[in-house]
Structures are given as structure tokens and as C-alpha cells.
Amino acid sequence: MIDNRQPGRPDLASALRFLTELVAWVATPWALAPHSVVLAVASVLVLIGLPTVFATPGDKKQVLVPVPGLVTIGLVLLQLVAAVVSAWAAWPRLVAVPVTVLALAAVVTELPRWRRLAPLARDGRPAA
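Figured I'd write up the structure that's included with this text.

Conventions and cut-offs
- Residue positions within a chain follow its written sequence, with the count starting from 1.
- Given that the model is predicted, a residue must reach a pLDDT of at least 70 before its local features are reported, and side-chain atom pairs must reach 80 or more before they are shown or counted; all residues, however, enter totals for whole chains, interfaces and linings.
- Side-chain descriptors were evaluated using all non-hydrogen atoms of the structure, hydrogens and water having been removed beforehand.
- Note on terminology: a nonpolar core comprises buried Ala, Val, Leu, Ile, Met, Phe, Trp, Tyr and Cys residues joined through side-chain atoms within 4.5 Å.
- Only protein chains enter the accessibility calculation, which uses a 1.4 Å probe; a residue is then buried when its area is under 20% of its type maximum, exposed when over 50%, and partly exposed in between.
- Numbering of helices and strands runs from the N terminus, with a helix taken as a DSSP run of H or I at least four residues long and a strand as a DSSP run of E at least two residues long.
- Throughout, a contact is declared for two residues whenever any of their heavy atoms are within 4.5 Å.
- Only the contacting stretch of a helix is used when fitting its axis, a line to C-alpha atoms as for every element, and angles between N-to-C directions run 0 to 180 degrees.
- For classification purposes, an angle smaller than 35 degrees is called roughly parallel, one larger than 145 roughly antiparallel, one from 65 to 115 roughly perpendicular, and anything else oblique.
- It is the rotation of the near helix from the far one that decides the hand of a crossing: anticlockwise by less than a right angle makes it left-handed, clockwise makes it right-handed.
- Side-chain atoms alone can form a polar contact between residues adjacent in sequence; in general such a contact is a pair of N or O atoms within 3.5 Å, and within protein one must be able to donate a hydrogen while the other accepts it.
- Exposure above 30% relative accessible area and the lack of any salt bridge qualify a residue for a patch; like charges then connect within 9 Å, and the nonpolar side chains Val, Leu, Ile, Met, Phe, Trp and Tyr within 5 Å.
- Here the open area of atoms and residues is found with the Shrake-Rupley method and a 1.4 Å probe, where only the protein chains shown may cover a residue.
- Just to be clear on terms, a salt bridge is a Lys or Arg side-chain nitrogen sitting within 4 Å of an Asp or Glu carboxyl oxygen.
- What counts as a ring pair is set by centres within 6.5 Å for rings of Phe, Tyr and Trp (its six-membered ring), and what kind of pair is set by the plane angle: stacked under 30 degrees, edge-to-face over 60, tilted for all other angles.

What follows concerns the nonpolar core. Grouped together as the largest cluster of nonpolar side chains are 20 residues, with contacts concentrated most on V23, L80, W91, V99 and W114. The set of elements that each furnish at least two residues to this core consists of helix 1 (12-32), helix 3 (69-90) and helix 4 (93-117). Sorting elements by how many residues they give to this core places helix 4 first, with seven residues. Once residues lying within four places of it in the same chain are set aside, the contact partners of L80 are T20, A103, A106, V107 and W114.

Below is the structure:
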């Protein structure tokens, strides 16, 4: 099988992950703003700032603070959960359902990356 991907060109998983991140960055402050503007601003700082600062070496070109693969996976899951929960809290069902489908598709396409970031030993525990 020929690999048609070009270096630096995003694949489907990256595109779905980025779309879900955009939704999280918009929906989370939108859902929090009626309760607290401070929380709304803080949510954007957390959702954008943490993945910018913390990354797994080899997964990103530039890493400010290196972390294990499980941390990177956790940060992606934070984005996905924030997108879904916030969409349901802030927007009508007509919008929240496609956001949920988008997040589920992102999870499915992210699985190979997650296996690479946090390989499991034969007993199912994280490999050393």
C-alpha cells in the first residue's frame, strides 16, 4: 500500500482533532460565560495553553515541557469532553449531536496515535 501523505500535511485524525478543539475553544467559554466570565476566560487559557506547553517528544516538532504519552492523550480527551459537554450545555440539540459525532470520530481516528503514544505491555498495563 502506498502512503500518499506528505510530510507536514495533516491526516484525517489531525483534522478531526483540530475541528473538535475549535469547537471546545468556542463552546466551553460560551457555556461558562453566563455563570462566570472569569471561568470562561480561564477555560480558553486551559484548553489552548496546556497542549501548547505540554507535549510528548516525537509527537510534536517543538516541545516546551516534555510529558509522557498518557498526558498527551489526557489533554486530547479533555478537549473532546469539553467540546461535547459544552456543546450540549450551550447549544441546541441540532448542533450538539453533530459535535458529539465529530468527537466520536476523532476518538476512533486517534486510536493508532494513542497506541503509539502509550503502548501497552502483554498484561495490558502501560509499557515501561
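The next thing to look at is the packing of helix 1 against helix 2 (residues 37-53). The geometry of a pair of packed helices is captured by two quantities: the angle between their axes and the separation between those axes. The geometry of helix 1 relative to helix 2 is characterised by a closest axis approach of 8 Å and an angle of 160° between their N-to-C directions. Classified by the angle between their axes, helix 1 and helix 2 sit roughly antiparallel to one another. For helix 1 against helix 2, the interelement crossing comes out right-handed. Packed against helix 1, whose contacting residues are A24, W25, T28, P29 and L32, the element helix 2 presents L39, A40, S43, V44, L47 and I48 at the interface.

Moving on: the side chain of R113. As for its placement among the helices and strands, R113 is situated in helix 4. In this structure R113 comes out as buried when scored by relative accessible area, which is 12%. Polar contacts involving the side chain of R113 include one to the side chain of D59, which spans 2.5 Å. At 2.7 Å, the side chain of R113 forms a polar contact with the side chain of E110. With near-sequence residues (within four places) excluded, R113 lies in contact with R17, D59, T72 and V76.

Within the fold, T28 resides in helix 1. Since its relative accessible area comes to 7%, T28 is described here as buried. Not counting residues within four places of it along the chain, the set of residues in contact with T28 comprises V23, S43, L47, A82 and S86.

This part covers a nonpolar patch on the surface. On the surface, a nonpolar cluster with roughly 370 Å² of combined accessible area is contributed by V53, F54, L64, V65 and V71. Along the chain, L64 turns up in the loop between strand 1 (54-55) and strand 2 (65-66).

Here we take up the pattern of salt bridges. The final tally for this structure, using the stated rule, is four salt bridges. Its salt-bridge partner being R17, residue E110 comes within 2.3 Å of it at the nearest N-O pair. Residue E110 is located in helix 4, and its partner R17 is located in helix 1; the two are separated by 93 residues in the primary sequence. We note that E110, like R17, is buried.

Moving on, we come to the packing of aromatic side chains. For any pair of aromatic rings, the description consists of the separation of the ring centres together with the inter-plane angle of the planes. The final tally for this structure, using the stated rule, is two aromatic pairs. With a centroid separation of 5.4 Å and 85° between ring planes, the pair formed by W30 and W91 is classed as edge-to-face. Taken together, the residues W30 in helix 1 and W91 in the loop between helix 3 and helix 4 connect sequence positions 61 residues apart.

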